Amino acid sequence: MPQENAKKMEIMQRFLQLCLIWLLAMALGGHAAIALEGERFDTGTAHGQIVSSHDVITPGQSFHIAVSVDMPPDWHIYWHNPGDSGEPFAASFDAQGKASIGEIIWPLPKTVATGPIINYGFEGAPLFPVPVKVSENAKLGEVLTVSGSASYLVCNTLCIPEYFDFSLDVPIGQTAITDNRWSGNIARAIKTAPKPEPLKASARMEGGLLTIDVLTPRVLRNTKIRKVYFFPEDPSINLPSAPQTAAIGTDGLRLTLTPGYGLEAGLKEPVTGVLSYESQISGRWKTSGRIITAAPGPALAIGVADAPRAGAKSGAPMTLMAALISAFIGGLILNLMPCVFPVISIKALGFARHAHDKSAIRRQGWLYSAGVLATFMALTIALLALKAGGAQIGWGFQLQSPWLIAVLALMFFAIGLNLIGAFELGGRLSNVGNDLAAKGGNCGAFFTGALAVIVATPCTAPFMAGAIGFALSASAAVTIMIFTGLAIGFALPFLALSYAPKLLAKLPKPGPWMERCKEIFAFPMFAATAWLIWVISLQAGQAGLVKLLAALIGLGFVIWLLKRKGVFAKILAALFAVAVIAAPFTIKSAPQALAQIETDAAYETGKWSAARVTQLHAEGRPIFVDFTAAWCVTCKVNEIGALRSKRVEAALEDSHTVMLIADWTNRDAVIAAELAKHGRSGVPLYLYYPAGGNIDAPQILPQILTEKYLVELLTAP
């Protein structure tokens, strides 16, 4: 009897509650006057509660309930992918068979940094809406009871696991009544939550990094976008603490992430996650998120924008025509860069030899141009093939291979020895050489053009950087077009010179002076050899340096043996020649000391990383970033002529500027991705972050630096 009486009392209480809600609603003409919500629980640090979008529901109706978590300032809970650490928010629901309950609609997460750890979560008072569909068989006058529990790890400097049980009674009536408080909050949470978007996206592994391309919808094509970030659904996809980079193009975005343990065997499944970004609408920045799925596939033509002009904070996207013109002008200027000087001496000697034979000199000009074009195309095809295979590379990529540096050093050394007369080809080989000479030195002209392209790659001339950056983000056809424009610009000056009879006529006729000139031209070759030996010492360490020096000595020994008579000398020369040829291919990259960093400098220096830039920017420090490489001649000229000058060093010290060095001597996919982010594919690149400026829009400085320019930049108020 007592149990029956208690049950009757419970039914009576629910009936009276329903009547009260109904009478109040009717008194206000069908508009809800109160908020239907569950008990607000103090879980220790946060407060939890279950709420509803409706005070009264009807049979068959769809509505939303939501879990509300209210946290103190600077505390956070976690997304379903918590990031580097933490436990995701979780909730369970039970409607006792009177309704079907859907999945949680997750809010847009944000990155939450705790020292070097990056988590994905929420701060403040997030809402977690859940759709509910009332049964068609529900009866008027009944109450839909939704019960369950919620658990979360709430963290600041320490983490506390908390949970609460909830229960919410929603009356079932003839007319639905919207809640006067929570309906708006829930609707807003649903509207701003990331939703699946059918955007075209592809993902691939490049140089050990995960690269994701996304074609943006047309509504965003002419909208300014910043602070792009990708939150993978699967925690094993990436390392949250590693920096992400984003290149923003005219037609899409390119994100680069450090892969997690889930991609150790490669990318085999589509990558799903939330793409978060800020877009400028009516002069205000708004944060949005979209759920995208990137299927494994090739790069998409996102139309990466050209980097801003030097000193500017923003720039207009580069068009194909502008890229072609820039490539052509850059090719012209490349002839004046210091890395091409050794080969110019060879070409000048060839022109002097044939200066008074118009047909021969023009044939030489065309064959030189053919060598330039053929080598540029070979490099372009190799570059496209490597990128298609997942490599993160750029202009000068081949010089990041120590074996090629060693081959070039041996080649320059041999050419220098030949020019000073240390050896000449004899016997039958001499007859072959004479035959080639009789034909005008055609092979020599073609070879000189090829060699000029190879040794030109350590330099990036003005106008080139933006054009190459555009080319490497575009389709293969566009890439080939732009590199062809660069090749034509590079070959044109010598081709034009071969058609300038008045200028060539002023050269003296062939005579003994040419022999002296040839000997003098040997010394640029020896200087280039010395430079390449130094590059090897940084790329491959002492082991690589010893191997190259041994190969150079072996080359000299082979030349000496070839001058000796006798079968034994010839056999020994052949054996040593094989060893010399094989030696470069045994030289491997090794972690090099960062020689560019002057640890005893009066101003602060350090190794570049995106995290270090973020840290220094948060401290209010101005930052100068030098993207360089040991094989980059332009970089070395800038260091000697500007960066290492006393006035610039004093300006760095007085302005409290921190110089960060990004050394690209050996391949580094993170640095390559950062170069691409700024519309570049090679070094040098110089970035300046003024104190208090926009960290997403550093000033991109000219590729040729002067002392005056840097002092004015660093001392500007």
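Description of the structure in this document. (Residues numbered from 1 in each chain as written. Predicted model: local features only at pLDDT ≥ 70, side-chain atom pairs only at ≥ 80, totals over all residues. Heavy atoms only, no water.)

Some thoughts on the pattern of salt bridges
Part 1 of the argument: Under the defined criterion, the tally for this structure stands at eleven salt bridges.
Part 2 of the argument: Linking Lys 110 and Glu 123 is a salt bridge whose minimum nitrogen-to-oxygen distance equals 3.0 Å. Of this pair, Lys 110 sits in strand E8 (residues 110-114) while Glu 123 sits in strand E9 (residues 117-123), placing them 13 residues apart in sequence.
Part 3 of the argument: Arg 226 serves as the salt-bridge partner of Glu 278, at 2.7 Å between the closest nitrogen and oxygen. Separated by 52 residues along the polypeptide, Glu 278 in strand E20 (residues 271-281) and Arg 226 in strand E17 (residues 225-232) bring together distant segments of the chain. (Salt bridge = Lys/Arg side-chain N within 4 Å of Asp/Glu carboxyl O. Helix = DSSP H or I, 4+ residues; strand = E, 2+ residues; numbered from the N terminus.)

Quick look at the packing of aromatic side chains
Part 1 of the argument: For the structure shown, the criterion picks out 20 aromatic pairs.
Part 2 of the argument: Geometrically, the ring pair formed by Phe 41 and Phe 164 is stacked, given 5.5 Å between the ring centres and 25° between the ring planes. Taken together, the positions of Phe 41 in strand E1 (residues 41-42) and Phe 164 in strand E12 (residues 159-171) put the pair 123 residues apart, joining distant regions of the chain.
Part 3 of the argument: On the basis of relative accessibility, which here comes to 23%, the residue Phe 41 falls in the partly exposed class.
Part 4 of the argument: Accessibility expressed as a relative area gives 3% for Phe 164, which makes it buried. (Phe/Tyr/Trp six-rings, centres within 6.5 Å; stacked < 30°, edge-to-face > 60°. Buried < 20%, exposed > 50% of the residue type's maximum accessible area, 1.4 Å probe, protein only.)

Here we look at the sheet that holds strand E22 (residues 605-607)
Part 1 of the argument: The five strands lie next to each other as E22-E24-E23-E25-E26, forming an open sheet whose pairing is mixed. The two strands at the open ends of the sheet, each matched to only one other strand, are E22 and strand E26 (699-700).
Part 2 of the argument: Pairing geometry for E22 and strand E24 (residues 658-663), over three bridges, is parallel. Looking at E24, one finds that Gly 606 is bridged to Leu 660.
Part 3 of the argument: Relative to strand E23 (residues 623-628), helix H19 (residues 669-677) is tilted by about 115°, and along the sheet it contacts E23, E24 and strand E25 (685-689). (Pairing = 2+ DSSP bridges. Contact = heavy atoms within 4.5 Å. Axes fitted to C-alpha atoms, helices over the stretch in contact; angles between N-to-C directions.)

Some points on the nonpolar core
Part 1 of the argument: Ranked by internal contacts, the top residues of the largest apolar core, which has 53 residues, are Leu 548, Trp 608, Val 625, Phe 627, Leu 660, Trp 664 and Val 683.
Part 2 of the argument: Residue assignment for this core shows that the elements contributing at least two residues are helix H6 (402-419), helix H13 (522-539), helix H14 (541-562), helix H16 (610-618), E23, E24, H19 and E25.
Part 3 of the argument: Other than its neighbours up to four places away in sequence, Val 625 contacts Trp 608, Val 613, Leu 660, Leu 685, Tyr 686, Leu 687 and Tyr 689.
Part 4 of the argument: Counting 37 residues, the second-largest nonpolar core is a separate cluster that includes Ile 57, Ile 65, Tyr 120 and Ala 150. (Core = buried A, V, L, I, M, F, W, Y, C linked by side-chain atoms within 4.5 Å.)

Some words on the environment of Leu 616
Part 1 of the argument: Structurally, the position occupied by Leu 616 is in helix H16.
Part 2 of the argument: Distance in space between the C-alpha atoms of Leu 616 and Thr 657 is 9.8 Å, their sequence separation being 41 residues.
Part 3 of the argument: The residues touching Leu 616, leaving out its near neighbours within four places in the chain, are Arg 621, Ile 623, Val 658 and Leu 660.

A closer look at the environment of Ile 415
Part 1 of the argument: With respect to the helices and strands, the residue Ile 415 is situated in helix H6.
Part 2 of the argument: Measuring from C-alpha to C-alpha, the distance between Ile 415 and Ala 522 comes to 7.3 Å, with 107 residues separating the pair along the chain.

Describing the side chain of Gln 61
Part 1 of the argument: If you trace the backbone, Gln 61 turns up in the loop between strand E3 (54-56) and strand E4 (62-70).
Part 2 of the argument: Contact partners of Gln 61, with chain neighbours within four places excluded, come to His 54, Val 56, Val 132, Lys 133, Val 134 and Ala 176.

Some thoughts on the sheet that holds E4
Part 1 of the argument: Sheet architecture is open: five strands sit in the order E1-E2-E4-E10-E7, paired in antiparallel fashion. With one partner strand each, in any of the chains shown, E1 and strand E7 (99-101) form the two edges of the open sheet.
Part 2 of the argument: Looking at chain direction, E4 and strand E10 (residues 127-134) are connected through seven bridges and run antiparallel. Bridge pairing in E10 places Ile 65 opposite Val 130.
Part 3 of the argument: Packing of helix H2 (residues 182-192) onto the sheet brings it into contact with strand E2 (47-52), E4 and E10, and relative to E10 it is tilted by some 105°.

Remarks on the pairing of strand E19 (residues 252-257)
Part 1 of the argument: Most of E19 sits inside the fold, with six of its six residues counted as buried.
Part 2 of the argument: Of the two faces of E19, both are covered, the one formed by Gly 252, Arg 254 and Thr 256 as well as the one formed by Leu 253, Leu 255 and Leu 257.
Part 3 of the argument: Here six bridges tie strand E16 (residues 209-215) to E19, and the two strands are oriented antiparallel to one another. Looking at the pairing, Leu 210 lines up with Leu 257 of E19.

Focus: a nonpolar patch on the surface
Part 1 of the argument: A contiguous nonpolar patch, built from Phe 328, Leu 373, Ile 488 and Leu 492 and spanning about 280 Å² of accessible area, is present on the exposed surface.
Part 2 of the argument: Since its relative accessible area comes to 41%, Ile 488 is described here as partly exposed. (Patch = residues over 30% accessible without salt bridge, like charges linked within 9 Å, V, L, I, M, F, W, Y side chains within 5 Å. Areas by Shrake-Rupley, 256 points an atom, 1.4 Å probe, with all protein chains shown as cover.)

Description of H6
Part 1 of the argument: Counted at 1.5 Å a residue, the expected span for H6 with its 18 residues is 26 Å, and the 26 Å between its end C-alpha atoms agrees.
Part 2 of the argument: Taken together, the buried positions of H6 are occupied by Pro 402, Leu 404, Ile 405, Ala 406, Leu 408, Ala 409, Leu 410, Phe 412, Ile 415, Gly 416, Leu 417 and Leu 419. (Expected span 1.5 Å × (residues − 1).)

What about the state of the cysteines?
Part 1 of the argument: This structure, assessed with the given rule, holds one disulfide.
Part 2 of the argument: Sulfur-sulfur distance for the disulfide between Cys 155 and Cys 159 comes to 2.0 Å. Here the S-S torsion is close to 120°, and the disulfide linking Cys 155 with Cys 159 is therefore right-handed. (Disulfide = S-S within 2.5 Å.)

Observations regarding the packing of H14 against helix H15 (residues 567-582)
Think of two packed helices as two axes; the pair is described by the angle between the axes and how far apart they sit.
Part 1 of the argument: At a minimum axis distance of 9 Å, the contact between H14 and H15 shows a crossing angle of 155°. Considered as vectors, H14 and H15 are oriented roughly antiparallel to each other. In this structure, the crossing between H14 and H15 has a hand that is left-handed. In contact with Ala 551, Gly 554, Leu 555, Phe 557, Val 558, Leu 561 and Leu 562 of H14, H15 contributes Ala 569, Lys 570, Leu 572, Ala 573, Phe 576, Ala 577 and Val 580.
Part 2 of the argument: Partitioned by chemical class, the residues of the contact of H14 with H15 number twelve nonpolar, one polar and one charged. (Parallel < 35°, antiparallel > 145°, perpendicular 65-115°, else oblique. Left-handed = near helix turned anticlockwise from the far one by under 90°. Nonpolar A, V, L, I, M, F, W, Y, C, P; charged D, E, K, R; others polar.)

Quick notes on the pairing of E4
Part 1 of the argument: Where E2 lies against E4, six bridges are found, and the strand directions are antiparallel. In the strand pairing of E4, Ser 52 is matched with Ile 65.

As for helix H10 (residues 476-497)
Part 1 of the argument: For H10, which comprises 22 residues, the first-to-last C-alpha distance of 32 Å matches the rise-based estimate of 32 Å (1.5 Å per residue) to within 8%.
Part 2 of the argument: At Ala 491, H10 shows its maximal bend, which comes to roughly 40°, and the proline Pro 493 appears one to four places after that position.
Part 3 of the argument: Within the sequence span of H10, burial applies to Val 478, Thr 479, Ile 482, Phe 483, Gly 485, Leu 486, Ala 487, Gly 489, Phe 490, Ala 491, Phe 494 and Leu 495. (Bend = angle between axes of the 7 residues up to and from the residue.)

Section: unusual backbone geometry
Part 1 of the argument: In this structure, Asp 74 takes a positive phi of about 75° despite not being glycine.
Part 2 of the argument: One non-glycine residue with positive phi stands out, namely Gln 96, at about 55°.
Part 3 of the argument: Here Gln 96 shows up in the loop between strand E6 (90-94) and E7.

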